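This is what each chain is made of:
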Amino acid sequence: MNAVISTRPVNDVNEIKKYAIRNAVESVTCAEPSVYGEGNKRTVALWDFGAKENIVRELVKRGCKVIRVPASYTAEQILALNPDGLMLTNGPGDPAENVGIIGNIKKLAGKLPVFGICLGHQLFALAMGGKTKKMKYGHRGTNQPVKNLETGRVYISSQNHGYEVINESVQSVGKISFVNANDNTCEGVDYDDMNAFTVQFHPEACSGPLDASYLFDRFIANMDKGGKRNA
């Protein structure tokens with residue numbers, strides 16, 4: 001919701017109505033690449049769209065070497081790092097605005113295992129031909145229930161987003177894995193043919209007794225069985 005704070009009456013609200021955040025990802029991404037961890041078995045390229053630090057910690061804890069790269073990196077630059085997997089991180093703003101990133105994801109899809117979180121989930125869906133839309137209220141807080149459609153188990157998750165992936169738009173290219181137990185919106189998609197999966201919520205946030213941090217273990221397993229990097 002747009003608003004203005006002023007010491008004087010505001011008679012013209014047109015500028016307020018038209019206001020929109022632009023270049024949100026560019027304003028929060030890292031400026032230069034950086035390396036974390038000393039793992040020599042797996043290397044993860046972490047594409048930083050505004051990444052939460054605990055994503056890095058969860059990967060390093062599992063023996064990964066993490067190369068964090070700016071959002072401006074191209075598909076060719078990421079492949080040149082010779083990673084075993086690609087992490088698409090969370091971040092702010094309208095996902096559809098990131099046309100360049102979406103184009104680079106298209107080039108990378110199927111060439112190496114991918115795990116996307118929050119904005120990364122939305123961007124991968126857009127790269128696969130899916131659609132996103134702005135939500136009326138968004139999902140905020142540490143108590144959003146998400147249901148695993150395969151097991152029926154409900155996890156209490158941490159979320160902070162105002163856009164959603166439209167369920168119907170990705171069902172021809174992927175399988176919906178999680179939905180929000182309150183409003184049935186898309187919370188996760190598996191793209192088995194691409195060795196990729198994404199979730200809207202934050203599995204690194206440890207928000208409930210049945211935490212979904214096991215998704216990082218799934219990403220590790222996907223890297224261990226290999227992707228299509230040389231295809």
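Here, every reference points to the structure presented above.
Criteria and cut-off values
- Every chain begins its residue count from 1, and numbering advances along the sequence as written.
- Only residues with pLDDT of at least 70 get local features here, since the model is predicted, and only at 80 or more are side-chain atom pairs given and counted; chain-wide, interface and lining totals rely on the full set of residues.
- Working from all heavy atoms in the structure, the side-chain values ignore hydrogens and water.
- Counting from the N terminus, the helices are DSSP H or I runs at least four residues long and the strands are E runs at least two residues long.
- Here a helix's expected span is defined as the number of its residues, less one, multiplied by 1.5 Å.
- Relative accessibility thresholds used throughout: buried, under 20% of the residue-type maximum; exposed, over 50%; partly exposed, between the two (1.4 Å probe, protein chains only).
- The arc under discussion is defined with respect to the helix axis, by the directions toward the C-beta atoms.
- Contacts are assigned to residue pairs that have any heavy atoms within 4.5 Å of one another.
- The patch calculation keeps residues exceeding 30% relative accessible area without a salt bridge and links them within 9 Å when they carry like charges or within 5 Å when they are nonpolar (Val, Leu, Ile, Met, Phe, Trp, Tyr).
- Accessibility throughout is a Shrake-Rupley quantity obtained with a 1.4 Å probe, and a residue counts as covered only by protein chains that appear here.
- Salt bridge, as used here, is a side-chain nitrogen of Lys or Arg placed within 4 Å of a carboxyl oxygen of Asp or Glu.
- Between any two strands, pairing holds if DSSP finds at least two bridges.
- Note on geometry: axes are C-alpha line fits, over the in-contact stretch for helices, and angles between N-to-C directions span 0 to 180 degrees.

1. Quick look at helix α8 (residues 214–225)
Here is step 1: In this model α8 runs 17 Å from its N-terminal to its C-terminal C-alpha over twelve residues, within 8% of the 16 Å that 1.5 Å per residue would give.
Here is step 2: Looking only at α8, the buried set comprises Leu 215, Phe 216, Phe 219, Ile 220, Asn 222 and Met 223. Viewed along the axis of α8, the buried residues span an arc of 160 degrees, placing them on a single side of the element.
Here is step 3: Those residues of α8 that are buried are in contact with β2 (42–47), α3 (53–61), β3 (64–69), β4 (85–88), β5 (114–117) and β10 (196–199).

2. Some remarks on the side chain of Thr 43
Here is step 1: Inspection of the secondary structure puts Thr 43 in strand β2.
Here is step 2: Discounting residues that sit within four places of it in the chain, Thr 43 has contacts with Lys 65, Ile 67, Pro 83, Asp 84, Gly 85 and Met 223.

3. What about a nonpolar patch on the surface?
Here is step 1: On the surface, Val 4, Val 10 and Val 13 cluster together to form a nonpolar patch covering roughly 210 Å² of accessible area.
Here is step 2: Tracing the backbone through its elements, the reader meets Val 4 in the segment before α1 (14–18).
Here is step 3: On the basis of relative accessibility, which here comes to 46%, the residue Val 4 falls in the partly exposed class.

4. Thoughts on the sheet that holds β3
Here is step 1: Pairing within the open sheet is mixed, and its ten strands lie in the order β1-β3-β2-β4-β5-β10-β9-β8-β6-β7. Here the strands that pair on one side only, and so sit at the sheet edges, are β1 (34–36) and β7 (154–165). Strand-to-strand twist in this sheet, taken as the mean axis angle between neighbours without regard to direction, amounts to 25 degrees.
Here is step 2: Here six bridges tie β2 to β3, and the two strands are oriented parallel to one another. Bridge pairing in β3 places Val 44 opposite Val 66.
Here is step 3: Lying on the sheet, helix α5 (residues 99–108) is in contact with β2 and β4; it crosses β2 at an angle near 155 degrees.

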